[in-house]
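Fold and contact review
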Amino acid sequence: MKRLIGWALVAGCLAQAAVADDLSLWSLYDQKLRSAKYIDLTHAFAPVQPVWPGFAGATFKPARAGRTLDGFAKEGDVFTYETHGFVATAYDLPTDQYGTQLDPPAHWNPRGATISDLPATYTLRPLAVIDISAKVARDEGYHLQVADIAAFEEKHGRIPAGAVVMVRSDWSKRWADGERFRQKPFPGVSLAALQFLHLKRKILFHGHEPLDTDTTPTLEGEAWLMHNNFAQAEGVANLDQVPEAGALIAIGFAKPLGGTGGYARYVAIAPAGWPHGVSVDAVPGAPLPQQPAPLRRDADGVMRPTAP
C-alpha cells in the first residue's frame, strides 16, 4: 500500500511538472502577439474633459505628506524631486463615471455586480467593430440598428460568443469640444440592437464613443443592460484605427471595492500586417523613453514636459 501511495505521489508531481512546463502560451506570444499591432482605445482622463452634466470635473494637485517623517518631510509638505527625490499626484475624482470607462451592473442595479466583482476572464476577448460613422455623418443622432449588425455579419461572419462589440461612430474625434460632445444629438445604440447582441449573439459587452448609451428620455438601453446584469464600455476612442473583424481586445480597469464604475484601459490587438498601431518589437516598453524636458505641473495640475 505504501508503495502504491508513493507511486501516486510521484505521478501527481510529474503531472504538475508537465502542466508547469506547458509553454504553449509563451509560444503563442512569441509567434503572434509580439509582432501584433497594439492600438490604444482610451482617452487619458484630465481635469478638463467631457463629463455627464450632473458630475463635476476632476482636480489634479501635488500630493502632500499626510504625517511627519522625521528628517524627511513635515506633515503638509509637497513632495518634490528636489527635496524628496520623487513627486506624487493627488486626484480628486468626483465620480467613477469619468472618461473612458467600464460600467458594471451596480451602476443602476441595486443587486448588480460591482467593478470588484468582475471576473479575470474579462481580460482578453475577440473584438468586433461595427462601423456606423458614415450614417452618423449624415445624422448625428443615428443609433445602431439590428440591420447594421446583420450587414456586419454578412461581410465578416457571425460575431463570436463572448466577444466585445465596439460601435464606431467617430464621435470621439469631438472629445476636445467638451460642451458639444455631451449634448444631444449624439450617436447611440438602440435597445433592439443591444438585446440582439446579448440575447442572440451572447456577447460579453458592447462599447460606444459617447458617454451615454442612447438619447431616449429614460436611457432605456443602459437601463436594460444594467438591470439584466450586463456591463458596457463608454467614452471609447480610436475605433477608426482598428479592423472590423479579426482583432482581440485587452481590458484593464481599476478595482475599487464595490465600485459602481471603472476607469478603464482598452487596447485593441490587430494582426501584424495591420497598418495602424505599434508592435512589441517596435516599442518594447523597457526602458521607457525620457521626456523631452523636465516635468512640471501646468495650471490644471497635470505633469507635462516643460522647458525651463
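Up top is the structure these notes are about.
Presented here is a report on the structure given in the accompanying data block.

1. Here we look at the overall build of the protein
- A tally of regular secondary structure across the protein gives 8 helices and 14 strands.
- Considered along the principal axes of its C-alpha atoms, the protein spans approximately 70 × 65 × 45 Å.
- Classification of the 308 residues of the protein by burial places 40% in the buried group.
- Across the protein, contacts joining residues at least 24 apart in sequence account for 74% of those joining residues at least 6 apart.
- Accessible area for the protein stands at about 17100 Å²; split by element, carbon and sulfur atoms hold 58% of it.
- Of the side chains in the protein, 29 bear a positive and 32 a negative charge, and the two mean positions are spaced by 5 Å.

2. Structural notes on helix α7 (residues 191-200)
- For α7, the set of buried residues is A193, L194, L197 and H198. The buried side chains of α7 occupy one side of the element, clustering within an arc of 120° when seen end-on.
- Backbone geometry just downstream of α7 places K202 in the positive-phi region, at approximately 55°.

3. Some words on the environment of L211
- Assignment of secondary structure puts L211 in the loop between β9 (205-208) and α8 (220-227).
- With 170 residues separating them along the chain, L211 and L41 place their C-alpha atoms 14 Å apart.
- Not counting the four nearest positions on each side in its chain, L211 is found in contact with P50, V51, W52, G99, Q101, W175, F181, E234 and G235.

4. A few points about the side chain of T95
- Along the chain, T95 falls in the loop between β3 (89-92) and β4 (101-103).
- Within the structure, T95 has its side chain in polar contact with the backbone nitrogen of Q97 (distance 2.9 Å).
- Ignoring any residue separated from it by four or fewer positions in sequence, one finds T95 in contact with F55 and Y263.

5. So, the packing of aromatic side chains
- Summed over all chains, the structure comprises 13 aromatic pairs.
- Taken together, a centroid distance of 6.1 Å and an interplanar angle of 90° make the contact between F45 and F60 edge-to-face. Of this pair, F45 sits in the loop between β1 (37-40) and β2 (59-62) while F60 sits in strand β2, placing them 15 residues apart in sequence.
- Accessibility expressed as a relative area gives 32% for F45, which makes it partly exposed.
- Taken together through their ring pairs, the aromatic side chains of F45, F60, Y91, Y98 and Y263 make up a single cluster.

6. Here we look at the nonpolar core
- Formed by 24 residues in total, the largest nonpolar core has its most connected members in L41, L102, L127, M166, F205 and Y266.
- Among the elements of the structure, β5 (124-131), β7 (164-168), β10 (231-234), β11 (247-253) and β12 (262-270) are those that each provide at least two residues to this core.
- By residue number, the principal contributor to this core is β12, which donates 4 residues.
- Every residue in contact with M166, bar those within four places of it in the chain, is listed here: L127, A128, V129, I130, G207, A233, V236, L239, I249 and Y266.

7. Concerning the environment of V165
- Among the structural elements, V165 can be located in strand β7.
- Put simply, V165 and T80 are 85 residues apart on the chain and 44 Å apart in space, counted from C-alpha to C-alpha.
- Every residue in contact with V165, bar those within four places of it in the chain, is listed here: A128, I130, I159, L197, I203, F205, H206 and G207.

8. Let's talk about the packing of α7 against α8
- Two numbers describe how α7 lies on α8: the axes approach to 9 Å, and their chain directions differ by 25°. In terms of their interaxial angle, α7 and α8 are classed as roughly parallel. The way α7 lies across α8 gives a crossing that is right-handed. When α7 is examined against α8, the residues L191, L194, Q195, H198 and L199 are found in contact with a partner set consisting of E220, G221, W224 and L225.
- For the contact of α7 with α8, the class distribution of residues is 5 nonpolar, 3 polar and 1 charged.

9. Details of unusual backbone geometry
- Here the bond from K184 into P185 is cis, since omega is 0°, no more than 30 degrees from zero.
- Structurally, P185 is set in the loop between α6 (178-182) and β8 (188-189).
- The peptide bond linking A286 to P287 adopts the cis configuration, its omega dihedral lying at 0°.
- You will see that L219, though not glycine, has its phi angle at about 50°, which is positive.
- Its location among the elements puts L219 in the loop between β9 and α8.
- Notably, N238 is not glycine yet its phi reads approximately 65°, a positive angle.

Reading the values: rules and limits
Residues take numbers from 1 onward in each chain, read along the sequence in its written order. Residues qualify for local features only when their pLDDT is at least 70, as the model is predicted, and side-chain atom pairs are given and counted only at 80 or more; totals for whole chains, interfaces and linings, by contrast, use all residues. Working from all heavy atoms in the structure, the side-chain values ignore hydrogens and water. Put simply, DSSP H or I for four residues or longer makes a helix, DSSP E for two residues or longer makes a strand, and each gets a number counted from the N terminus. In this scheme, a residue with accessible area under 20% of its type's maximum is buried, one over 50% is exposed, and one in between is partly exposed, where area comes from a 1.4 Å probe on protein chains only. Throughout, a contact is declared for two residues whenever any of their heavy atoms are within 4.5 Å. Computed by Shrake-Rupley with a 1.4 Å probe, the accessible areas treat only the displayed protein chains as cover when residues are assessed. Counting rule applied: Lys, Arg positive; Asp, Glu negative; His and chain ends not counted. Here the site of a charge means atom NZ of a Lys, CZ of an Arg, CG of an Asp or CD of a Glu. In this context, the arc is that of the directions from the helix axis out to the C-beta atoms. Counted as a polar contact is a pair of N or O atoms within 3.5 Å, where, for protein atoms, one must be capable of donating a hydrogen and the other of accepting one, and residues adjacent in sequence contribute only when both atoms are in side chains. Working definition: rings of Phe, Tyr and Trp (its six-membered ring) pair if their centres are within 6.5 Å, and the pair is stacked with planes under 30 degrees apart, edge-to-face with planes over 60 apart, and tilted otherwise. Residues grouped as a nonpolar core are buried Ala, Val, Leu, Ile, Met, Phe, Trp, Tyr and Cys residues, joined through side-chain atoms within 4.5 Å. Every axis in this analysis is a line fitted to C-alpha atoms, fitted for helices over the stretch in contact. Angles between the N-to-C directions lie between 0 and 180 degrees. Orientation is classified from the angle alone, with under 35 degrees giving roughly parallel, over 145 giving roughly antiparallel, 65 to 115 giving roughly perpendicular, and any other angle giving oblique. Left-handed is the label given to a crossing in which the near helix is rotated counterclockwise from the far helix by less than a right angle, and right-handed is the label when the rotation is clockwise. Classification convention: Asp, Glu, Lys, Arg as charged; Ala, Val, Leu, Ile, Met, Phe, Trp, Tyr, Cys, Pro as nonpolar; all other residues, Gly among them, as polar.

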